[in-house]
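Below, each chain spelled out in residue letters.
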Amino acid sequence: MKKRKLFVTGKSKNPRRFKHVKILLAHYNTNRKSWMTSNLFETELRCWNKELRTQKRKILLHVDNCPAHPELEGLESIKLVFFPANTTSLLQPMDQREYATTDDDTVTTDDDIVREVKNAEKEEDKEEENDEISEVSIPTVSEVLDAIRVVN
């Protein structure tokens, strides 16, 4: 079974954290609030559909029913199946709040990661405004890449 690269949305078109990264292990796209939008979703799925068509493969993709995930026509290689309403938190492990425990039994939740990402984005915005180096603890490129590898 082949894995698809993780799809990541961010605010910056050229994040400083990726400056020295030669190969990014994810598909990266941007928008003002770094949210998944129906346009990003459709673009990514149509691109993936093309790849699958050239490989003569077909897949079934389970999708939660948020507004950013519209029903799409014309996908020959991807069949979308939407979760029933109000079942996402039961069916998707990432929405069950706890998904990783570290060696010291510290529980990491999606809220922790969202908080860290928001803090990092705020710091990046401050750096861009001041355009000077600050002594703020910002995740390193290797930490971001490690996080992507863990998800993959």
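Conventions adopted
- Residues numbered from 1 in each chain as written.
- Predicted model: local features only at pLDDT ≥ 70, side-chain atom pairs only at ≥ 80, totals over all residues.
- Heavy atoms only, no water.
- Helix = DSSP H or I, 4+ residues; strand = E, 2+ residues; numbered from the N terminus.
- Contact = heavy atoms within 4.5 Å.
- pLDDT = per-residue confidence, 0-100.
- Expected span 1.5 Å × (residues − 1).
- Buried < 20%, exposed > 50% of the residue type's maximum accessible area, 1.4 Å probe, protein only.
- Arc of directions from axis to C-beta.
- Polar contact = N/O pair within 3.5 Å; in protein donor to acceptor, adjacent residues only side chain to side chain.
- Salt bridge = Lys/Arg side-chain N within 4 Å of Asp/Glu carboxyl O.
- Phe/Tyr/Trp six-rings, centres within 6.5 Å; stacked < 30°, edge-to-face > 60°.

Quick look at the side chain of Glu44 now. Structurally, Glu44 is set in helix H1 (residues 38-54). Once residues within four sequence positions are removed from consideration, Glu44 is found in contact with Arg4, Phe7 and His27.

Averaged over all residues, the pLDDT of the chain is 76; the fraction at 70 or higher stands at 63%. Ranking the elements of the chain by mean pLDDT puts strand S5 (residues 98-101) last with 48 and H1 first with 93. For the stretch residues 132-136, pLDDT sits under 50, and the model shows three contacts to residues farther than four places along the chain or on other chains.

Glancing now at H1. In an α-helix, one turn spans 3.6 residues; hence positions three or four apart end up facing the same way. In this model H1 runs 24 Å from its N-terminal to its C-terminal C-alpha over 17 residues, within 8% of the 24 Å that 1.5 Å per residue would give. All of the buried residues along H1 are Leu40, Phe41, Glu44, Leu45, Trp48, Asn49 and Leu52. Each buried residue of H1 sits inside an arc of 165° when the element is viewed along its axis, so together they form one side. Turned more than 90 degrees away from the buried face of H1, the exposed residues are Asn39, Lys50 and Thr54. Tucked inside the fold, the buried residues of H1 contact strand S1 (6-10), strand S2 (26-30), strand S3 (59-63) and strand S4 (78-82). Positive backbone phi, approximately 55°, marks Lys56, located one or two places after H1.

With that out of the way, let us pick up the environment of Tyr28. Along the chain, Tyr28 turns up in strand S2. Accessibility expressed as a relative area gives 25% for Tyr28, which makes it partly exposed. Taking C-alpha positions, Tyr28 is 4.9 Å from Val8, a pair spaced 20 residues apart along the chain. Of the polar contacts made by the side chain of Tyr28, one reaches the backbone oxygen of Ser12; its length is 2.8 Å.

Quick look at the pattern of salt bridges now. Across all of its chains, the model carries two salt bridges by this definition. Arg46 is paired through a salt bridge with Glu42; the nearest N and O atoms lie 3.0 Å apart. Linking Arg46 with Glu42, this pair stays in helix H1, spanning four residues, or about one helical turn. Judged by relative accessible area, Arg46 falls into the partly exposed class, the value being 30%.

What follows deals with the packing of aromatic side chains. Per the counting criterion, the structure on display carries one aromatic pair. Ring centres of Phe18 and Tyr28 lie 5.4 Å apart, and the angle between their planes is 85°; this geometry places the pair in the edge-to-face category. Of the two residues, Phe18 is situated in the loop between S1 and S2 and Tyr28 in strand S2; the sequence distance between them amounts to ten residues.

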